[in-house]
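Here is what each chain is made of, one letter per residue.
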Amino acid sequence: MQENHLNILIVDDAQMIATLMSKYIKACGHAAVVVNSCEEAIEKLWQEHFDLVFLDTNLPDGSGIDLIGRLREISREVHIVAMTGDA
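Analysis parameters
Along each chain, the written sequence defines residue order, and numbers are assigned to residues from 1. Residue-level local features of this predicted model are given only where pLDDT is at least 70; pairs of side-chain atoms are given and counted only at 80 or more, and the full residue set underlies all totals for whole chains, interfaces and linings. To obtain the side-chain values, all non-hydrogen atoms of the structure were used and water was disregarded. Joining through side-chain atoms within 4.5 Å is the link that ties buried Ala, Val, Leu, Ile, Met, Phe, Trp, Tyr and Cys residues into a set, and such a set is a nonpolar core. Relative accessibility thresholds used throughout: buried, under 20% of the residue-type maximum; exposed, over 50%; partly exposed, between the two (1.4 Å probe, protein chains only). Going along the chain from the N terminus, every DSSP run of H or I of four or more residues is numbered as a helix, and every run of E of two or more is numbered as a strand. pLDDT measures how confident the predictor is about each residue, on a scale from 0 to 100. Note on contacts: a residue pair qualifies if any of its non-hydrogen atoms lie within 4.5 Å across the two residues. In this description, strands pair whenever DSSP reports at least two bridges between them. With the strands pointing away from the viewer, any crossover whose connection runs clockwise from the first strand over the helix to the second is right-handed. Note that the arc is computed from the directions linking the helix axis to the C-beta atoms. Pairs of N or O atoms are called polar contacts if they sit within 3.5 Å, as long as, within protein, a hydrogen donor faces a hydrogen acceptor (for residues adjacent in sequence, only side-chain-to-side-chain pairs). Any carboxyl oxygen of Asp or Glu that lies within 4 Å of a side-chain nitrogen of Lys or Arg is treated as forming a salt bridge with it.

J.: Which parts of the structure should I look at to understand the nonpolar core?
T.: With 15 residues, the main nonpolar core has L9, V11, V53 and L67 as its most contacted residues. Those elements that provide at least two residues to this core are strand 1 (7–11), strand 2 (31–35), helix 2 (38–47), strand 3 (52–56) and helix 3 (64–74). With 4 residues, the single largest contributor to this core is helix 2.

Have a look at this one:
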């Protein structure tokens, strides 16, 4: 692994988007874990350390915006990028 290796969590219910993001992140030499719900994201963040979270703001089991608060309760150090396909 490279020196600046990051562990990145992708939270998105759109499988195609999550797969493309994961492939790109891995091609850049980083690790990517994909989950598709708020509950899975919380569970993963309790289980392992992530440097960065790419978060869809519209998830089937809740708001990504609400999820940010819950993720902050688990880790104040993780960087979160919230995204949406809504325009």
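There is more to say after this.
J.: What is the right way to look at the confidence of the model for the protein in this model?
T.: Detailed reading of the predicted model is not advised wherever pLDDT is low. Of the residues in the protein, 94% reach a pLDDT of 70 or more, and the chain-wide mean stands at 91. Mean pLDDT across the secondary structure elements of the protein bottoms out at strand 5 (residues 62–63), with 86, and peaks at strand 2, with 98.

J.: Just checking my understanding: could you explain the environment of L71 for this structure?
T.: The residue L71 is located in helix 3 in this model. Judged by relative accessible area, L71 falls into the buried class, the value being 0%. Sequence separation of L71 and N58 is 13 residues, and the distance between their C-alpha atoms is 16 Å. For L71, the residues in contact, after removing those within four places along its chain, are A41, I42, L45, V53 and I80.

J.: Would you explain the pairing of strand 2 in this entry?
T.: For a regular strand, side-chain orientation follows a simple rule: the groups alternate between the two sheet faces. Both strand 1 and strand 2 contribute to a ladder of 5 bridges, which runs parallel. Considered in strand 2, the bridge of I10 is made with V34. With helix 1 (residues 15–27) bridging strand 1 and the parallel strand 2, this β-α-β connection has right-handed handedness.

J.: Just checking my understanding: could you explain helix 3 for this structure?
T.: For the α-helix, the turn length of 3.6 residues means that residues three or four positions removed from each other point alike. Residues G64, L67 and L71 constitute the buried set of helix 3. The buried side chains of helix 3 occupy one side of the element, clustering within an arc of 45° when seen end-on. Away from the buried face of helix 3 by more than 90 degrees, exposed residues I65, D66 and E73 are located. Looking at the buried positions of helix 3, the neighbouring elements they touch are strand 1, helix 2, strand 3, strand 4 (58–59), strand 5 and strand 6 (79–83). Near the N-terminus of helix 3, the side chain that reaches the backbone nitrogen of I65, with its oxygen 3.1 Å away, is that of S63.

J.: Looking at this structure, I do not really get the pattern of salt bridges. What am I missing?
T.: Side-chain pairing between opposite charges can occur once the charged atoms of the two side chains come close. Tallied over the entire structure, the rule returns 1 salt bridge. Between E39 and R70 there is a salt bridge, with its nearest N and O atoms 3.2 Å apart. Remark: R70 occurs in helix 3 and E39 occurs in helix 2; sequence separation between them is 31 residues. On the accessibility criterion, E39 (44% relative accessible area) is partly exposed. Classification of R70 as partly exposed rests on a relative accessible area of 37%.

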